[in-house]
Amino acid sequence: MNLNRWEQEALALDAADPLRALRAEFFCPPGVIYLDGNSLGLLCRPAEQALLETLEQWRVRAVGGWWGADPPWFTLAEGLAETLAPLVGADPSEVTVANSTTVNLHQLLATLYRPDARRRRILLDELCFPTDGYAVASFLRRLGLDPERDLVRVPGRDGALVDEDAIVDALDDTVQLAVLPSVHYTSGQLLDLERLAGIARSRKVCLGFDCSHSVGVVPHEFSRWGVDFAFWCHYKYLNGGPGAPAGLYLHRRHFDRPPGLAGWWGSDKSRQFEMAPAFTPAQGAGGLQIGTPSILALAPLRGALELTRRAGIAAIREKSLALTGFLLRLADAVLAPAGFSVVTPRAPERRGGHVALHHPRAAEFCGALVQAGVVPDFRPPALLRLAPAPLYVGFAECLEAVRRLAEISAAA
Ligand SMILES: Cc1ncc(COP(=O)(O)O)c(C=O)c1O
């Protein structure tokens, strides 16, 4: 296999990459090409430093850290919301950091689901990440409703792609609320969030997105698009660490809704320590916090977000599209003859940060790739996902990963 032409292109792209210097900030596993940043992003130096500083503040200040640490732990989530807001196109008051992704979905359902006799169904994409389906079904059951009747699961196309037109057709006047992925976790398909938000609004459906696979790699404009709500994790493209507290967005038109799952950490910060029996929630998304956050888990996120802020989401998206575009061209030229097919939509505006390849032996090849020093991941039944996280992966690494995959499949 002669890849000279590709090598020259990869080297030129790496040399011209404005984000290249950021790689040195990450602890890239030695000798490994890491293409799994959409599962767990790597540790970076600012994240490590922020965590060590927080431990030190705990050691030195003890309880005084809630107000005396730098920044004070008491309002850490509010500070993080300021940094996150531009990544999702929202006002900081519309964003909070709390709980886990799944708990945030429960919180948003409990806050925003308002059924009436006619309009009481919740709509999901059939291919959604399982936790979203589990959460919605259990939520309906807890209200005495029946998921068989009250949960609409819109079938996907070819078992891999979300069918946006079918979703639009299904958003009828029996649907009160819908939850969709922004970027679909297996195929890497990016939905047209602005279009869907506009249609949902015109049909009076409360629409939200699971943005776990888009925040930090795809820019969003939630407020401008009128998206009702969104939730996401911070341990993928935002490198906040395994199980980092999650994100949540609530459009300001819902600020008058009382939090569905109330807890004292959602209090108006200026009144929280009045310890009043009656709950006075913070105005905005902050009111949807529930209990005391893990400060040790927030610390690495605070450090890591600094790198995303420094890079800028527009530059991150530009590099991400160049990386996935390069991988797609390589897949066509080098992997298609070996029986791989590309599942990810090719249009730049329809793809997120990773490329999904189908091969009947994907599971076996995934294991062999790991042995060969490349970390991709596998999603059943037969998808290999390659996620070149723009902050620390380069073009030459993508080429090398494809070369090793081609060798593995040729030898199989
Ligand atoms: C699309 C999507 N939603 C939700 C989750 C997980 O949610 P949680 O952080 O609550 O485990 C994941 C985890 O990979 C995911 O990919």
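Residues numbered from 1 in each chain as written. Predicted model: local features only at pLDDT ≥ 70, side-chain atom pairs only at ≥ 80, totals over all residues. Heavy atoms only, no water.

The four strands lie next to each other as β9-β10-β13-β12, forming an open sheet whose pairing is antiparallel. Strand pairing shows two members of the sheet lacking a second neighbour, β9 (341-342) and β12 (377-379), which therefore form its edges. Sheet analysis places β12 next to strand β13 (residues 383-386), joined by three bridges and oriented antiparallel. Across the sheet, D377 pairs through a bridge with R385, a residue of β13. The sheet strands contacting helix α12 (residues 313-335) are β9, β10 (355-358) and β13, and the helix crosses β10 at an angle near 20°. (Pairing = 2+ DSSP bridges. Helix = DSSP H or I, 4+ residues; strand = E, 2+ residues; numbered from the N terminus. Contact = heavy atoms within 4.5 Å. Axes fitted to C-alpha atoms, helices over the stretch in contact; angles between N-to-C directions.)

Structurally, the position occupied by G394 is in the loop between β13 and α14 (395-411). Among the residues examined, G394 registers a relative accessible area of 11% and is labelled buried. Linking G394 and V162, residues 232 residues apart in sequence, is a C-alpha distance of 29 Å. Apart from residues lying up to four places away in sequence, G394 is in contact with D14 and L323. (Buried < 20%, exposed > 50% of the residue type's maximum accessible area, 1.4 Å probe, protein only.)

Next up on the list: the sheet that holds strand β6 (residues 206-210). Neighbouring strands of a sheet are bound in pairs by backbone hydrogen bonds; such pairs are parallel or else antiparallel. One open sheet holds the seven strands; their spatial order is β2-β8-β7-β6-β5-β3-β4, and the pairing between them is mixed. Lying at the two open borders of the sheet, with one neighbouring strand each, are β2 (95-98) and β4 (151-154). Here the strands of the sheet are splayed against their neighbours by 20° on average, with no regard to which way each runs. For β6 and strand β7 (residues 229-232), the ladder comprises three bridges, and the chain directions are parallel.

What follows concerns the domain arrangement of the protein chain. Splitting the protein chain by domain gives domain 1 (4-30 + 312-411) and domain 2 (50-310). Between the C-alpha centres of domain 1 and domain 2 there is a distance of 29 Å. Each side of the interface is counted separately: domain 1 has 26 residues, and domain 2 has 25 residues. Both sides of the domain 1 and domain 2 interface together cover about 2,000 Å² of buried area, and 62% of this is carbon and sulfur. Considering only the surface of domain 1 that becomes buried against domain 2, I313, R350 and H354 emerge as the three largest contributors, covering 27% of it. (Domains from an automatic or database assignment. Buried area = accessible area lost by both parts, 1.4 Å probe.)

This next bit is on the site of the ligand. All residues adjacent to the ligand are S100, T101, T102, F129, T131, D210, S212, H213, Y235 and K236. D210 places a side-chain nitrogen or oxygen 2.7 Å from a nitrogen atom of the ligand. Look at the ligand: alone it shows 400 Å² of surface, and the protein chains cover 81% of it. Residues of the shell around the ligand, tallied by class, amount to two nonpolar, six polar and two charged. (Near = heavy atom within 4 Å. Polar contact = N/O pair within 3.5 Å; in protein donor to acceptor, adjacent residues only side chain to side chain. Areas by Shrake-Rupley, 256 points an atom, 1.4 Å probe, with all protein chains shown as cover. Nonpolar A, V, L, I, M, F, W, Y, C, P; charged D, E, K, R; others polar.)

Considering all chains together, one arrives at zero disulfides under this definition. Summary of cysteine pairing: C128 is not part of a disulfide, and the nearest cysteine sulfur, belonging to C211, is at 14 Å. Sulfur of C211: no disulfide; nearest cysteine sulfur belongs to C233 and is 10 Å away. (Disulfide = S-S within 2.5 Å.)

Our next topic: the nonpolar core. In this structure, L123, L171, F222, W232 and L357 are the most contacted members of the largest nonpolar core, which totals 100 residues. When we break this core down by domain, the ones giving at least three residues each are domain 1 (4-30 + 312-411) and domain 2 (50-310). Excluding residues within four positions of it along the chain, L357 makes contact with A331, L335, F340, S341, V342, A382, L383, L384, L386 and L405. Grouped together as the second largest cluster of nonpolar side chains are 26 residues, L108, L109, V179 and L248 included. (Core = buried A, V, L, I, M, F, W, Y, C linked by side-chain atoms within 4.5 Å.)

On the surface, L52, L55, W58 and L296 cluster together into a nonpolar patch covering about 380 Å² of accessible area. By residue number, the principal contributor to the nonpolar patch is helix α2 (residues 45-61), which donates three residues. Mapped onto the elements of the fold, L296 is located in helix α11 (residues 295-311). (Patch = residues over 30% accessible without salt bridge, like charges linked within 9 Å, V, L, I, M, F, W, Y side chains within 5 Å. Salt bridge = Lys/Arg side-chain N within 4 Å of Asp/Glu carboxyl O.)

Turning our attention to the pairing of β13. The alternating pattern of β13 places L383 and R385 on one face and L384 and L386 on the opposite face, and all of these are buried. Sheet topology note: the β10/β13 ladder contains four bridges and is antiparallel. The residue bridging H358 from the neighbouring strand is L383, located in β13. Once β12 ends, the chain turns through three residues before running back antiparallel as β13.

Below, the discussion takes up the side chain of K269. Along the chain, K269 turns up in the loop between β8 (246-250) and α11. Among buried Asp, Glu, Lys and Arg side chains, K269 stands out as unpaired, with E78 the closest opposite charge at 4.6 Å. Among the polar contacts made by the side chain of K269, one reaches the side chain of Q272 at a distance of 2.9 Å. Filtering out sequence-adjacent residues up to four positions away, K269 remains in contact with F74, T75 and E78. (Lys, Arg positive; Asp, Glu negative; His and termini not counted.)

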